Number of protein chains: 2
Amino acid sequence: MYRPSSCSAGGLPALSNGWSVPDFRCSPIGYLATPFHDRFGIPRQPRLAPHAHGQLRLLRPYDRAEAVRGLEAFSHVWLSFVFHRSAGSWSPTVRPPRLGGNQRVGVFASRSPFRPNLLGLSLVELLAIDTSVGVLLTFGGVDLLDGTPILDIKPYLPFVESEPAARSGFVDGPPPQLAVDFSPLAQTQLHRHESRWPDLAALIREVLAQDPRPAYASDERRCYGFRLYDLEIRWRCIGGQAIVEQIAGRKNGHQVPCVSAWPGLLR
Amino acid sequence: MYRPSSCSAGGLPALSNGWSVPDFRCSPIGYLATPFHDRFGIPRQPRLAPHAHGQLRLLRPYDRAEAVRGLEAFSHVWLSFVFHRSAGSWSPTVRPPRLGGNQRVGVFASRSPFRPNLLGLSLVELLAIDTSVGVLLTFGGVDLLDGTPILDIKPYLPFVESEPAARSGFVDGPPPQLAVDFSPLAQTQLHRHESRWPDLAALIREVLAQDPRPAYASDERRCYGFRLYDLEIRWRCIGGQAIVEQIAGRKNGHQVPCVSAWPGLLR
């Protein structure tokens, strides 16, 4: 269970004008269902993997059609969420993957999950609104773990929030892309699973194209794997090319650890 | 004192996978000092009033230079904040000023402060970082009340967060602008106060140009007023023109109610 230990550090700080604000509590408006069950493989920014769809069913008392009335007029929305797997820790400096994982920047100069208050922010595409039973929202291009607690939904306002000329330091564009190919075995397995997940091939390509390997990894013999839906995707990276070796169904309850802990599984 | 009564409504909802996430607590990393002491007059979006500067001094344990290392490479940052004057209430539907205040949309289709979890989000310009004593950040184009609790600072990433072509429903651009003029009396008073607030004229013009009157207001004889810094700005709107009548210093402790409660003060 996630314990935001950093969140109680503030106590009751006094305002300059004398009155004080207590720590305040938030409760999720819902939990986002996504294909991502490991940190490994999650796109490092939203909308890098358009076929990564997320579904949010609003909890009571928010599950009323009126609460989303007019939202269909917006193509993009902000999700405010909790980094619920970050164990409540934060560090004054972090090592962004974009800097090769060996250079430290301040946590407030990063989008690291290991931050004060564990608050995350993600701009996603709004694909569908279903108010037939409660409220079910479908988003495209999600970059969040399955089960992420969502605290708020806000419409995206391009006239104030689109700043194409903004300076963005070391994060100046999408990461370089890998070519992605499937082994004959993986292709056969792909066809079997596409009946349940029609966009599976596209999603695997989008996820692997971003080279989700840890920054320190370079062993070409090494096999990586990550969970997508209820599948285990196993792949290698040879040169600039990602090759999907296997797409295996996962036995119920069979917990495969994040691959960065099990090198060379297929050797 | 602000009480987030809505925030404890969530209880301990269970995740699909069985484990549960409690309500979680946040504590401010600092409180933003701004010129705005009333809701009335606050720009309805960030950066509509570039001369509205905000200063944030980070609280312990966040007040370390390392925590903002590299932030200078970013021109814009997100402020996650608490709507601390919204009394913890929320409503499934709200009436956005942009719709004339007489049409209701869902709270999640709006940026209303009266929302679940009272979380706000504002994109501001990063003007200065001072780490000589603790950490003091200066922002431009703020649209927040003085004393707003800040929960997080995140760098703005244009390559994922700038979507100029996004559909944005009823919020398709900045509101129509009013012409702004100063009465002879106001001009004299302006010169007196500009020694302390050099950008005062520009800030008053930016604030009034957006027509901060309540949607229902149309009485041209009516005088409006709002607090800026430690000043009371009194003005009328005649035709498409805002005329600043007076810029009065405020006696210590003298609390002027938000003007929408005191029509015709100068009559």
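Residue indices begin from 1 for each chain and proceed along its sequence in written order. Labels are handed out in written order, letters beginning with A for the chains and numbers beginning with 1 for the ligands. Thresholds applied to this predicted model are a pLDDT of at least 70 for local features of residues and 80 or more for the giving and counting of side-chain atom pairs; totals over whole chains, interfaces and linings are not thresholded and use all residues. The basis for the side-chain values is all heavy atoms of the structure; hydrogens and waters are excluded.

A. Molecular detail of helix H3 (residues 200-209) of chain A. Residues and elements named next belong to chain A. Partly exposed describes any residue whose relative accessible area lies between the buried limit of under 20% and the exposed limit of over 50%, with all areas from a 1.4 Å probe on protein chains only and scaled to the type maximum. Secondary structure counts use DSSP, requiring at least four H or I residues in a row for a helix and at least two E residues in a row for a strand, with both numbered from the N terminus. The element H3 is largely enclosed, with a buried count of eight among its 10 residues. Within H3, the full set of buried residues consists of Leu-200, Ala-201, Leu-203, Ile-204, Glu-206, Val-207, Leu-208 and Ala-209. Where H3 is buried, its residues meet strand S10 (179-182), helix H2 (184-193), strand S11 (224-228), strand S12 (231-238) and strand S13 (241-249). Phi for Asp-211, located one or two positions after H3, is positive at around 55°. Contacts: residue pairs with any heavy atoms within 4.5 Å of one another.

B. Focus on the nonpolar core. We call a set of buried residues a nonpolar core when its members are Ala, Val, Leu, Ile, Met, Phe, Trp, Tyr or Cys and they connect through side-chain atoms within 4.5 Å of each other. In terms of nonpolar packing, the biggest core is built from 132 residues, with Phe-139, Ile-153 and Ile-204 of chain A together with Phe-139, Ile-153, Ile-204 and Ile-247 of chain B touching the most fellow members. Non-local contacts of Ile-204 of chain B, meaning those with residues more than four positions away in its chain, are made with Phe-182, Leu-190, Leu-228, Ile-233, Val-244 and Ile-247 of chain B.

C. Here's a closer look at the interface of chain A and chain B. Facing 89 residues of chain A, the contacting portion of chain B comprises 89 residues. What gets called buried area is simply the loss in accessible area from a 1.4 Å probe that two parts show on being joined, summed for both. In this assembly, chain A packs against chain B so that about 8500 Å² is buried in total across both faces, 64% of it on carbon and sulfur atoms. Salt bridge, as used here, is a side-chain nitrogen of Lys or Arg placed within 4 Å of a carboxyl oxygen of Asp or Glu. Our count for the contact surface shared by chain A and chain B stands at eight salt bridges. In this structure, the salt-bridge partner of Asp-23 of chain A is Arg-25 of chain B, at a minimum N-O distance of 4.0 Å. At the level of secondary structure, the elements contributing two or more residues to the side of chain A that touches chain B comprise strand S1 (24-26), strand S4 (76-82), strand S6 (105-106), strand S7 (119-130), strand S9 (148-155) and helix H1 (158-161) of chain A. A total of six residues in the side of chain A that touches chain B trace back to one element, the largest contributor, which is S9 of chain A. When residue character is reported, Ala, Val, Leu, Ile, Met, Phe, Trp, Tyr, Cys and Pro are called nonpolar, Asp, Glu, Lys and Arg charged, and the others, Gly included, polar. Each residue belonging to the side of chain A that touches chain B can be placed in one class, and the counts come to 51 nonpolar, 21 polar and 17 charged.

D. Fine view of the sheet that holds strand S3 (residues 53-58) of chain A. Residues and elements named next belong to chain A. Any two strands with at least two DSSP-identified bridges between them are counted as paired. Taken in spatial order, the six strands close into a barrel running S2-S3-S8-S7-S4-S9, and their pairing is antiparallel. With strand direction ignored, the average angle separating the axes of adjacent strands in the sheet is 45°. Here S4 runs beside S7; their pairing, made up of seven bridges, is antiparallel. Following the sheet pairing, Ser-80 is matched in S7 by Leu-121. Between the N-to-C directions of two axes lies an angle of 0 to 180 degrees, each axis being a line fitted to C-alpha atoms and, for a helix, fitted only over the stretch in contact.

E. Structural context of the packing of aromatic side chains. Residues and elements named next belong to chain B. A pair of aromatic rings is counted whenever rings of Phe, Tyr or Trp (Trp by its six-membered ring) have centres within 6.5 Å, and the orientation is called stacked for planes under 30 degrees apart, edge-to-face for over 60 and tilted otherwise. This model, assessed by the stated rule, comprises 15 aromatic pairs over all chains. Ring geometry for Trp-197 versus Tyr-229: centroids 3.8 Å apart, planes at 5°, classification stacked. A residue pair is termed long-range when its members are at least 10 positions apart, and Trp-197 in the loop between helix H2 (184-193) and helix H3 (200-209) and Tyr-229 in the loop between strand S11 (224-228) and strand S12 (231-238) qualify at 32 residues. Relative accessible area serves as the criterion here: at 24%, Trp-197 is assigned to the partly exposed category.

F. Representation of the pairing of S11 of chain B. Residue and element names in this part refer to chain B. In terms of burial, S11 is a largely internal element, five of the five residues being buried. What you see with S11 is no split at all: Tyr-224, Phe-226 and Leu-228 on one side and Gly-225 and Arg-227 on the other are buried throughout. Taking the residues between adjacent antiparallel strands as the criterion, S11 and S12 are bridged by two residues, where Tyr-229 takes a positive phi near 55°.

G. Focus on the domain arrangement of chain A. All names here are of chain A. You can read the domains of chain A as domain 1 (5-161) and domain 2 (179-266). Contact with domain 1, which involves 15 residues of that partner, is made by 20 residues of domain 2. Summed over both sides, the interface between domain 1 and domain 2 buries roughly 1600 Å², with carbon and sulfur atoms accounting for 60% of that surface. Residue Arg-227 is joined to Asp-38 by a salt bridge in which the shortest nitrogen-to-oxygen separation is 2.6 Å. Class assignment of the residues belonging to the side of domain 1 that touches domain 2 gives a composition of eight nonpolar, five polar and two charged. Boundaries of every domain are those given by an automatic assignment or by a domain database.

H. Up close: the pairing of strand S7 (residues 119-130) of chain B. Residue and element names in this part refer to chain B. The pairing of S7 with strand S8 (residues 136-140) spans five bridges and is classified as antiparallel. Looking at S8, one finds that Glu-125 is bridged to Gly-140. Counting the residues between successive antiparallel strands, the hairpin from S7 to S8 contains five residues, one of them, Gly-134, with a positive phi of roughly 65°.

I. Here's a closer look at the confidence of the model for chain A. Averaged over every residue, the pLDDT of chain A is 83; the share at 70 or more is 84%. Each residue carries a pLDDT value, the predictor's own confidence for that position, ranging from 0 to 100. Here residues 1-21 of chain A scores under 50 on pLDDT; set against residues more than four positions off or in separate chains, the count is 56 contacts.

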